[in-house]
Structures are given as C-alpha cells and as structure tokens.
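Summary of structural features
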Amino acid sequence: MRQDHLISAANLSRESIEAVLDRAAAIDADPAAYRQRHAGAVLALCFFEPSTRTKMSFDTAMKRLGGTTVDMGTVESSSVKKGETLADTVRVVEGYADAIVLRHPSEGAAKMASEFVDVPLVNAGDGAGQHPSQTLLDLYTIRERAGLDDLSVGIMGDLKYGRTVHSLAHALTNFDVRQHFISPESLRLPRNVRFDLHEAGAHVREHTDLEAVLPELDVLYVTRIQRERFPDENEYRAVAGQYRIDEETLEAARDDLSVMHPLPRVDEIAPEVDETEYATYFEQAHNGIPVRMALLDGLLTRAKEGGR
C-alpha cells in the first residue's frame, strides 16, 4: 500500500501544510508555469455523494495542470448500484487513473479504500469524518488574510457532524491558534475529536453563545447544520436556524474579522453579509483551484519519482 495518500488532516504536519500552501501561492502567482506540468495524467473522480465545489475544483485543477479526468458518475449509473463493493470499485478505477479523489458517505471509507490501491488517493469527504483538501484551502485563505500564528479562530455551527470542522480543528493544532467552538449542546464536537485536540495540546474553549467571544476573533468559520447527517429529522428541526450571522451580529466584530464558510450555505449567513469586508467565503471557494493544483502536483510528482 502507498503511504502517499491524503486521508486525514490529523496526519498533516506544519511542514507538510506549509509546503502545499507555498506551492499554491506560487501557482496563484504564475498559473501558466504549471499549465503542462502533468500532461497526460488522469485523475479519477469517484463521488458517492453530491458535490459542486470539491468535484469541480479538482476537475479544473487537474485540467489546468495539463491532465484529464474520468468521472465515475452517479451511484445510480455505476456498478455500485449492482452491489459492487468500494474495494472492488477503487481496484478497478486505479487501472484507469494516476490518482483517485474519493467522496463517500461512510466515515472511514477513504482510509479503507486507500489500503487497496497503489495510486495516490485523496479523501474528498467521508461522512462526518474528514475533508483534508478543504482544510488546506481553508488554511491558505486564513494565511493570505491574517497569517497562521497568534490567532483566535471561532468555529460555529454543526460541530458534531461537520467533517470540515474536524479536519480544520486538527490542522490548526500545528499553529499558535486559540480555537473557540460555538454550537448548541447537541452539536458539540465529538468526544474523540475533543480528546485528540487535548492530546495535541490545542488551546480550546467551547461556547453556546457567539456574542461573548466574537470581539476577540480574527476568523469566524461558520458551518451549516447538516440535515443529511442527522439520524432523526426531529433532532435536525430542533437546532436548524439557531445560529445566523447578519450585519447586526457583526457590529461587535473586529474590523479585520474574516467570515468563512465551506459552502453550501442555507440560511446561516445572511446575503447582506456578502457585500461587507468580512465576507471571505467566495474567495475561500476560489482558492480551491490553486490549492488543489498544488496538492495534485505534489502527489503526482512523488508518484512519478517513486517509479510508478
């Protein structure tokens, strides 16, 4: 089994994060220099769940590196519908591609799949588990705006089921960051994530109210309440809409606060915020291209050097 997969942000060191972010900055500054860097390379897109930004940005990133993509399509149109296992699917797909991007509704699916392939595999979201490539673009956005040390970062919303939250929280332990988690009691960080953050020596505080902590934040990372993760519709309805950001909310914020969101949003950030200096989420989404180009460039280059 290859060791050069990207499965969890918990496996990222400060050095490896900064290497990707530095390469992304170089690509951002001169994208033409990378245009044919991986001509002929093929990236397989295996998405067992819906996706807009992640899927399209990986597709675009590969093509801007000179390569091409093959798309598994929807689950309904694939052999998964016939009962094919994930292990068999990725074993077949690795014969068609130089790398695989996998999204799957089951937590741990990407790690399991990586044990069956010899091409680099990127976890593009495994249920309520991890989403490490999203974390890299989040960190790039934060670094471009405020640096990555001596920061106060608030993460608000669905902390129980939000895989972007779990990934970002792990990655931030590599930096001098005070993490504030704001959520209803029923959507607190899972116990295992809290334990891992404690073991990593993270500066963590949990809150149920944004108002008290907002004035000290450099970054406010907002997430939607993920209806599709709730086993009980009544549980979802009990918390939906509890945390909403609008211009009035932000009156207590620092002038240089960055409001981020992995998108899609539902109603947790009012459209009026889009026109303020706080809004960073569309810039954040656009940063998916250079960051995923940098990630793929590193993985594919190391794969070539490994003699594949």
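Here is what the cut-offs are and how they apply
- Residues numbered from 1 in each chain as written.
- Predicted model: local features only at pLDDT ≥ 70, side-chain atom pairs only at ≥ 80, totals over all residues.
- Heavy atoms only, no water.
- Pairing = 2+ DSSP bridges.
- Helix = DSSP H or I, 4+ residues; strand = E, 2+ residues; numbered from the N terminus.
- Axes fitted to C-alpha atoms, helices over the stretch in contact; angles between N-to-C directions.
- Contact = heavy atoms within 4.5 Å.
- Patch = residues over 30% accessible without salt bridge, like charges linked within 9 Å, V, L, I, M, F, W, Y side chains within 5 Å.
- Areas by Shrake-Rupley, 256 points an atom, 1.4 Å probe, with all protein chains shown as cover.
- Salt bridge = Lys/Arg side-chain N within 4 Å of Asp/Glu carboxyl O.
- Buried < 20%, exposed > 50% of the residue type's maximum accessible area, 1.4 Å probe, protein only.

**Describing the sheet that holds strand E6 (residues 177-182)**
Reading across the sheet, the five strands line up as E7-E6-E5-E8-E9 and stay open at both edges, with parallel pairing between neighbours. Taken across any chain shown, the strands that pair with only one partner, and hence form the sheet edges, are strand E7 (203-207) and strand E9 (258-260). The mean inter-strand angle of the sheet, taken between neighbouring strand axes irrespective of direction, is 20°. The pairing of E6 with E7 spans five bridges and is classified as parallel. In the sheet register, Arg-178 faces E7, and the bridge partner there is His-203. Helix H6 (residues 163-172) rests against strand E5 (151-156), E6 and strand E8 (219-222) of the sheet, and its axis sits at about 155° to E6.

**What to know about a nonpolar patch on the surface**
Taken together, the side chains of Val-70, Val-92 and Tyr-96 present a nonpolar region at the surface, about 280 Å² in accessible area. Here Val-70 shows up in strand E2 (residues 68-71). A relative accessible area of 35% places Val-70 in the partly exposed class.

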